[in-house]
Amino acid sequence: MAESWAGREVVVDVERVAHGGHCVARHEGRVLFVRHTLPGERVRALVTEDGGGSFCRADAVEVLRASPDRVAAPCRYARPGGCGGCDWQHVDPAAQRRLKQAVVTEQLQRLAGLDVDVRVEEVAPAPLHWRTRMQYAVDGERLGLRAHRSHDVIEIDSCPIAVPEVDAPVARERAVPGAVTIEVEAADDGAIAVSAVDARRRRRALAGGPVRHDTGGRRYEVRTGGFWQVHVHAADVLLEAVLELADVQAGESIVDLYCGAGLFTAALAERTGPTGRVIGVEGTASAVRDGRRNVSDLRQCEIVRGSIDARTVDGFTHPVDVVVLDPPRAGAKRPLVEAICRLDARAVVYVACDPAALARDVAAFAGCGWRLERLRAFDLFPMTQHVECVALLVPEPGGAPPPAGGPLA
Ligand SMILES: C[S@@+](CC[C@H](N)C(=O)[O-])C[C@H]1O[C@@H](n2cnc3c(N)ncnc32)[C@H](O)[C@@H]1O
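Reading the values: rules and limits
Residues numbered from 1 in each chain as written. Predicted model: local features only at pLDDT ≥ 70, side-chain atom pairs only at ≥ 80, totals over all residues. Heavy atoms only, no water. Axes fitted to C-alpha atoms, helices over the stretch in contact; angles between N-to-C directions. Helix = DSSP H or I, 4+ residues; strand = E, 2+ residues; numbered from the N terminus. Left-handed = near helix turned anticlockwise from the far one by under 90°. Contact = heavy atoms within 4.5 Å. Salt bridge = Lys/Arg side-chain N within 4 Å of Asp/Glu carboxyl O. Buried < 20%, exposed > 50% of the residue type's maximum accessible area, 1.4 Å probe, protein only. Pairing = 2+ DSSP bridges. Near = heavy atom within 4 Å. Polar contact = N/O pair within 3.5 Å; in protein donor to acceptor, adjacent residues only side chain to side chain. Areas by Shrake-Rupley, 256 points an atom, 1.4 Å probe, with all protein chains shown as cover. Phe/Tyr/Trp six-rings, centres within 6.5 Å; stacked < 30°, edge-to-face > 60°. Lys NZ or Arg CZ within 6 Å of the ring centre and 35° of its normal.

Moving on: the packing of helix H1 (residues 93-112) against helix H8 (residues 355-367). For the pair H1 and H8, the least separation of the axes is 8 Å and the interaxial angle reads 35°. Crossing hand, H1 versus H8: right-handed. Together, Val103, Val104, Gln107, Leu108, Leu111 and Ala112 of H1 and Pro355, Ala356, Ala359, Arg360, Val362 and Ala363 of H8 make up the contact between the two elements.

Take a look at the structure:
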């Protein structure tokens, strides 16, 4: 067996950015995914993990030739061996967006065979003080954030991407015995909710909640620990993009898959009006309860609980004009995409937090005769590798029909 490269230091010329918050370099025929660097740099890289096959993971521990996009990291915990929360603290914010743009473009090219010109839009406040929810890891007396790909807790005094209401001192003040995680969430009115999660993943509310958010002229309430978009302006930005791309008309019928606490569901129902119909589908019981309360004034709107898969979607027997979907990181996957295409809607609006999953699903849509009509991308996670995309997919006139399925197949 070949000797592991873990612990070895090598000097490499860094090539392109890759999906995952690192850049590609090569050494002795092997690929290195190097963090804390930038394309065009020459660095001394410490191999942190030998992937066993053709690749290794590494950290740039010394910069021998710096990129013009390199800046001093505003966070003192963002360094090799330090906090794993951010990937691009050492990069000028405009260049961070160009890196994300390159990743989205590359994923769509590689996985969907598409050449797409996309711009990652800046969202203020950037790049610091935007996170409204923080999960602090607790290890005995120590409270902080985890190191990259590790359970080690890096003790921190303050996190510069957090809004002040959810910064580390707030969590430290509330920490309780037995907690392995302290979660702090900020509402739009500045109120905070704090909860503790123990080793058996049981959550205990310590202060505040439910968390109130005002978006698109509506108030939403979310149970402590329930899903809500993390950037202080994410809900507004994504809602605006979804409504723009969906272009809902009065009387239309809409399905909102993975609807959470009803953020898009309610706004879509306002657009379709009392003669329309909106069905939100969500798997988490507490989110369903939040969602039902949040849309309770809209009679055309219904939230159903269900684990979303092709069968759930094949169960919709009424005509559907628009499908909105906002799946978790893994994306929708081919069987669900095929079922969505069988609904024969005029449009699908897809909110994606992972460009690779989006690209795979866009390829699955293409296999059903649908095309990517528009793509917007937002820097809703500055300093990190993450990027949020909103895609509009439409049926290609005369395109291949989706594979048969559904209740009668
Ligand atoms: C990315 S969140 C989106 C929520 C909502 N669209 C929003 O913006 O607030 C994804 C949601 O999907 C739900 N979910 C994840 N997997 C699911 C599944 N297989 N079936 C149903 N819901 C699921 C999660 O509980 C979560 O609320």
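With that settled, consider unusual backbone geometry. Geometrically, the link from Ala124 to Pro125 is a cis peptide bond, its omega value of 0° lying close to zero. Inspection of the secondary structure puts Pro125 in the loop between strand E6 (120-122) and strand E7 (133-139). A cis geometry characterises the amide bond from Gly209 onward to Pro210, with omega recorded as -5°. With phi around 65°, Arg201 is a residue other than glycine that occupies positive phi space.

Another point: the pattern of salt bridges. Counted under the stated rule, the structure contains 38 salt bridges. Where Arg133 meets Glu185, a salt bridge forms, and the shortest distance between an N and an O atom there is 3.1 Å. You can see Arg133 sitting in strand E7 and its partner Glu185 sitting in strand E10 (residues 179-186), a full 52 residues away along the chain. Like Arg133, the residue Glu185 is buried in the burial classification. The salt bridge partner of Arg202 is Asp198, with a shortest N-O separation of 2.9 Å. You can call Arg202 partly exposed: its relative accessible area is 47%.

With five of its six residues buried, strand E2 (residues 22-27) lies for the most part within the structure. Where strand E1 (residues 9-18) meets E2, three bridges bridge the pair, whose relative direction is antiparallel. Within E2, the position partnered with Val17 by the bridge is Cys23. Hairpin remark: E1 followed by E2, antiparallel, with three residues in the connecting loop; positive phi at Gly20, about 120°. Across five bridges, the pairing between E2 and strand E3 (residues 30-35) is antiparallel. Across the sheet, residue His27 finds its bridge partner in E3, namely Arg30. Count of turn residues in the E2/E3 antiparallel hairpin: two residues, of which Glu28 carries a positive phi of about 45°.

Two elements, E1 and strand E4 (residues 42-50), share five bridges in a ladder whose sense is antiparallel. Bridge pairing in E4 links Val10 to Ala45. Where E4 and strand E5 (residues 55-65) come together, eight bridges link them in antiparallel fashion. Bridge pairing in E5 places Glu49 opposite Arg57.

A few words now on the site of the ligand. The environment of the ligand is made up of 15 residues, and the closest members are Gln229, Glu282, Gly283, Thr284 and Ile308. Here a nitrogen atom of the ligand and a backbone polar atom of Tyr258 are 3.1 Å apart. Thr284 places a side-chain nitrogen or oxygen 2.8 Å from an oxygen atom of the ligand. Isolated, the ligand exposes 600 Å² of accessible area, and the fraction of that covered by the protein chains is 83%.

Our focus in this paragraph is the packing of aromatic side chains. With the rule as written, the count across this model stands at four aromatic pairs. Taking the centre distance of 6.0 Å and the plane angle of 90° together, the rings of Trp130 and Phe381 count as edge-to-face. Of the two residues, Trp130 is situated in the loop between E6 and E7 and Phe381 in the loop between strand E20 (370-379) and strand E21 (388-395); the sequence distance between them amounts to 251 residues. One exposure class covers both Trp130 and Phe381, and it is buried. Arranged with centres 5.3 Å apart and planes meeting at 45°, the rings of Tyr220 and Trp228 form a pair that is tilted. Above the face of the Trp5 ring, Arg8 is positioned so that its terminal group lies 4.4 Å from the ring centre. The positively charged end of Arg30 is found above the aromatic ring belonging to Trp5, 4.8 Å away from the centroid.

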